[in-house]
Amino acid sequence: MLLMAKILVFALSGFLRVVKGFDIGLSTKCVEIPEEMDMCHEIGYSEMRLPNLMGHTSMAEVILKSTTWQHLVHTDCHPHMRTFLCSLFAPICLDTFIHPCRSMCVGVRDSCAPVLACHGHSWPDSLDCDRFPADEDMCLASLTKEYKYLHKVLPKPACQTCPAVEEFFTHKRVLEVFCDNNFAVKVKLSKKRTLLGDQEYNIECQVEFITQGSLLPYETQNMIQQWLLINENCTQKMTQTHRPMVYLLVGKVEEGIILVNQVYRWQRRDSQLTLATQKWRYHKCL
């Protein structure tokens, strides 16, 4: 992310020599990016223009409107989601405004609109991609093609119906379920409140096994964290109280999509899940 921020600042500095006429017609000032705008911290600059490219004229309005997007940013639905949103909500403090290119908007929209739909929202008219300049104009484009090749394309979590939480089972049945799937991740969940009083989650993951291609344990952990954020209705059901809860999520990675098919409640004294995960290393599926 730091590398991306440096590239962003370098690109914006270069644009200054050629960009003309992108001002929004209002007198603007440079202000510090507020503490409450978590999504626009550590992006390579610390001051923003106000009013911004969304037409927000006060910092209170900027904070209120931007915080509604922070949960979506945490889902990592698109690698340029933060860059896109921060260029609008907290544009870098230069002599002129730099809009995101239409292609960046389309890429972010196509990846993140399904996540919004999973939460019951549609892509907003205020971010209609037709309002942004075409790529042949000077604008903030997606990072270079070389950048894409440097990053491994990982499977994406699906928006899905919540699997039922199993609380009574035998280790033999759990091993059968393991055989029908290709990952199992132990997850510790708890709720917390942000500075503005919004609800967020603490998510700790431990991979029990992954048998899908070249996926590494830390990549699987990140994907399960994304699944829990995208399928927040499921996460809410799994965190009814504020005390930490532990679960085993079992599922499949198929055709680039992550599906969780089974959820087990991992009780502190539960020997069946522990036994199943211990026996799995030597287990032969039929």
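This structure is a prediction, so every number in the text was calculated from the model and none was measured.

1. Some remarks on the confidence of the model for the chain
Here's step 1: Averaged over every residue, the pLDDT of the chain is 83; residues scoring 70 or more account for 85%.
Here's step 2: Of the regions scoring below 50 in pLDDT, residues 1-25 engages in 45 contacts with residues more than four places distant in sequence or in other chains.

2. Quick look at unusual backbone geometry
Here's step 1: Here Leu-50 and Pro-51 are connected by a cis peptide whose omega angle stands at -5°.
Here's step 2: For Pro-51, the position within the fold is in the loop between strand E2 (47-50) and helix H2 (59-74).
Here's step 3: A positive phi angle, close to 55°, is found at Glu-42, a residue other than glycine.
Here's step 4: In this structure, Glu-42 sits in the loop between strand E1 (29-32) and E2.
Here's step 5: Although it is not a glycine, Asp-76 adopts a positive phi angle of roughly 55°.

3. Looking at the pairing of strand E8 (residues 257-265)
Look at any regular strand and the pattern is simple: side chains alternate between the two faces of the sheet.
Here's step 1: Bridge analysis of strand E3 (residues 156-157) against E8 gives 2 bridges, and the strand direction is parallel. Residue Pro-157 lies in a different strand from E8, and its bridge partner there is Ile-258.
Here's step 2: Sheet topology note: the strand E4 (residues 165-166)/E8 ladder contains 2 bridges and is parallel. Residue pairing across strands places Val-165 opposite Val-263, the latter belonging to E8.
Here's step 3: Both strand E7 (residues 245-254) and E8 contribute to a ladder of 8 bridges, which runs antiparallel. From the neighbouring strand, Val-253 faces E8, where its bridge partner is Ile-258.

4. Concerning the packing of aromatic side chains
Here's step 1: Taken as a whole and assessed by the stated rule, the structure comprises 6 aromatic pairs.
Here's step 2: Taken together, the aromatic side chains of Phe-178, Phe-209 and Trp-280 make up a single cluster linked through ring pairs.
Here's step 3: Geometry around Trp-266 places Lys-186 over its ring, the cationic atom sitting 4.1 Å from the centre.

5. Some words on the state of the cysteines
Here's step 1: If you walk through the whole model with that rule in mind, you get 8 disulfides.
Here's step 2: One disulfide bridge connects Cys-105 with Cys-129, the sulfur atoms lying 2.1 Å from each other. Of note, the bridge from Cys-105 to Cys-129 carries an S-S torsion of about -80° and is left-handed in sense. With Cys-105 in helix H4 (residues 102-118) and Cys-129 in the loop between H4 and helix H5 (145-149), the pair connects residues that are 24 residues apart, well separated along the chain. Comparing Cys-105 with Cys-129 shows no difference in burial state: the two are buried.
Here's step 3: Between the sulfur atoms of Cys-118 and its disulfide partner Cys-159 the distance amounts to 2.1 Å. Judged by the sign of its S-S torsion, about 85°, the cystine formed by Cys-118 and Cys-159 is right-handed. Taken as a pair, Cys-118 in helix H4 and Cys-159 in the loop between E3 and E4 lie far apart in primary sequence, 41 residues in all.

6. Quick word on the packing of helix H3 (residues 81-89) against H4
What describes two packed helices is the angle between their axes and the distance between those same axes.
Here's step 1: As a packed pair, H3 and H4 sit with axes 10 Å apart at the nearest point and diverge in direction by 120°. Considering the angle they form, H3 stands oblique to H4. Between H3 and H4 lies a crossing whose hand is left-handed. When H3 is examined against H4, the residues Met-81, Thr-83 and Phe-84 are found in contact with a partner set consisting of Met-104, Cys-105, Val-108 and Cys-112.
Here's step 2: Classifying every residue of the contact of H3 with H4 by side-chain character gives 6 nonpolar, 1 polar and no charged.

What counts, and at which threshold
Residues numbered from 1 in each chain as written. Predicted model: local features only at pLDDT ≥ 70, side-chain atom pairs only at ≥ 80, totals over all residues. Heavy atoms only, no water. pLDDT = per-residue confidence, 0-100. Contact = heavy atoms within 4.5 Å. Helix = DSSP H or I, 4+ residues; strand = E, 2+ residues; numbered from the N terminus. Pairing = 2+ DSSP bridges. Phe/Tyr/Trp six-rings, centres within 6.5 Å; stacked < 30°, edge-to-face > 60°. Lys NZ or Arg CZ within 6 Å of the ring centre and 35° of its normal. Disulfide = S-S within 2.5 Å. Buried < 20%, exposed > 50% of the residue type's maximum accessible area, 1.4 Å probe, protein only. Axes fitted to C-alpha atoms, helices over the stretch in contact; angles between N-to-C directions. Parallel < 35°, antiparallel > 145°, perpendicular 65-115°, else oblique. Left-handed = near helix turned anticlockwise from the far one by under 90°. Nonpolar A, V, L, I, M, F, W, Y, C, P; charged D, E, K, R; others polar.

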